[in-house]
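# Close look at the chain arrangement
So the chains spell out like this:
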Amino acid sequence: MDRQLWHKVAAISGVVALGLGTYGAHVFKPQDPAYKDVWHTASLYHLVHTAALVAAPITKHPNVFGGLLTAGILAFSGTCYTVAFLEDRKYSTLAPFGGFAFIAAWGSLFF
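Our subject in this report is the structure included herewith. Quick caveat, the model's predicted, so the values are computed rather than measured. Counting from 1, residues in each chain are numbered in the order their sequence is written. Confidence filtering applies because this is a predicted model: local features only for residues at pLDDT of at least 70, side-chain atom pairs given and counted only at 80 or more, and all residues used for totals across whole chains, interfaces and linings. Side-chain numbers come from the whole structure's heavy atoms, not from hydrogens or water.

### Some remarks on the nonpolar core
As a reminder of what qualifies: In this description, a nonpolar core means a group of buried Ala, Val, Leu, Ile, Met, Phe, Trp, Tyr and Cys residues linked to one another through side-chain atoms lying within 4.5 Å. Here's how the labels work: a residue is buried when its accessible area is under 20% of the maximum for its type, exposed when over 50%, partly exposed in between, all with a 1.4 Å probe on protein chains only. Only DSSP runs of H or I covering at least 4 residues are called helices, and only runs of E covering at least 2 are called strands; the numbering of each starts at the N terminus. Contact definition: two residues touch when any of their heavy atoms are within 4.5 Å.
With 21 residues, the main nonpolar core has Val-38, Leu-53, Phe-65, Leu-69 and Ala-84 as its most contacted residues. Breaking this core down by element, the ones donating at least two residues are helix H1 (5-26), helix H2 (34-53), helix H3 (62-86) and helix H4 (95-107). No other element matches H3, which puts eight residues into this core. With residues near it in sequence (within four places) discarded, Leu-69 still touches His-49, Ala-52, Leu-53, Phe-102, Ala-105 and Trp-106.

### Examining the pattern of salt bridges
Note the threshold: Here, a salt bridge means any Lys or Arg side-chain nitrogen found within 4 Å of an Asp or Glu carboxyl oxygen.
As enumerated under the stated definition, the model contains one salt bridge in all. Residue Asp-88 is joined to Lys-90 by a salt bridge in which the shortest nitrogen-to-oxygen separation is 4.0 Å. By relative accessible area, which is 26% here, Asp-88 ends up partly exposed.

### Focus: H2
What counts here: The span you would expect from a helix comes to 1.5 Å times its residue count less one.
Over its 20 residues, H2 extends 29 Å from the first C-alpha to the last, a length consistent with the 28 Å expected when each residue adds 1.5 Å. As for H2, its buried residues are in contact with H1, H3 and H4.

### Description of unusual backbone geometry
Within the chain, Glu-87 stands out as a residue other than glycine whose phi angle is a positive 50 degrees. Residue placement: Glu-87 occurs in the loop between H3 and H4.

### Notes on the packing of aromatic side chains
Between two aromatic rings, the relevant description is the distance of the centres plus the angle of the planes. Stated formally: Ring pairs shown here join Phe, Tyr and Trp side chains whose ring centres sit within 6.5 Å, with only the six-membered ring taken for Trp; geometry is labelled stacked below 30 degrees between planes, edge-to-face above 60, and tilted in between.
With the rule as written, the count across this model stands at eight aromatic pairs. In textbook terms, an aromatic cluster arises when at least three aromatic residues are bridged by ring pairs, as seen for Tyr-23, Phe-28, Trp-39 and Tyr-81.

### Brief notes about the packing of H2 against H3
Selection criterion: Every axis in this analysis is a line fitted to C-alpha atoms, fitted for helices over the stretch in contact. Angles between the N-to-C directions lie between 0 and 180 degrees. Here the angle decides the label: under 35 degrees means roughly parallel, over 145 means roughly antiparallel, 65 to 115 means roughly perpendicular, and every other value means oblique. In this scheme the handedness of a crossing depends on how the near helix is turned from the far one: anticlockwise by less than a right angle means left-handed, clockwise means right-handed. Each residue is assigned to one of three groups, with Ala, Val, Leu, Ile, Met, Phe, Trp, Tyr, Cys and Pro labelled nonpolar, Asp, Glu, Lys and Arg labelled charged, and all others, Gly among them, labelled polar.
Between H2 and H3, whose axes approach to 8 Å, the crossing angle comes to 165 degrees. In terms of axis orientation, H2 runs roughly antiparallel to H3. Crossing hand, H2 versus H3: left-handed. The residues of H3 that touch H2, namely those facing Tyr-35, Val-38, Trp-39, Thr-41, Ala-42, Ser-43, Tyr-45, His-46, His-49, Thr-50, Ala-52 and Leu-53, are Phe-65, Gly-66, Leu-69, Thr-70, Ile-73, Phe-76, Ser-77, Cys-80, Tyr-81, Val-83, Ala-84 and Phe-85. In terms of residue class, the contact of H2 with H3 is built from 16 nonpolar, eight polar and no charged.

### A closer look at the side chain of Ser-43
Within the fold, Ser-43 resides in helix H2. Residue classification places Ser-43 among the buried residues on the basis of a relative accessible area of 14%. Setting aside chain neighbours within four positions, we find Ser-43 in contact with Ala-17, Gly-21 and Tyr-81.

### Concerning H1
Using the following cut-off: Regarding the arc, it is the one traced by the directions from the helix axis to the C-beta atoms.
Counted at 1.5 Å a residue, the expected span for H1 with its 22 residues is 32 Å, and the 32 Å between its end C-alpha atoms agrees. Within H1, the full set of buried residues consists of Trp-6, Ala-10, Ser-13, Gly-14, Ala-17, Gly-21 and Gly-24. On an axial view of H1, the arc spanned by its buried residues comes to 115 degrees, and they lie on one face. Along H1, the residues that are exposed and aim more than 90 degrees away from the buried face are Lys-8, Ile-12, Val-15, Leu-18 and His-26. Tucked into the core, H1 has its buried residues touching H2 and H3.

Interpretation note: all reported values are geometric properties and have no functional meaning in isolation.
Below you can see the structure in the form of structure tokens.
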């Protein structure tokens, strides 16, 4: 797999992270204000791990690191965005798997 693919994935993820972060800050008005914090958490983790994704091509195992970060962004941040938008925590089942994917991605740098 082309190592530079991860820069493209990071670019797409960054655009989406900034768009969703802007939406959350300026447009999103949940009935329960606690969901604004959930959106903020999703946005923060999305943006931080997107920044890390830029470094995937220089890691020893770029596909492992990049794949796990991407899975984490989709599972953790995606779940949090969904929970906040729908204001329903029953959709939160994938979030822990996303968290584990983030942990595994960072752990993969040891090898």
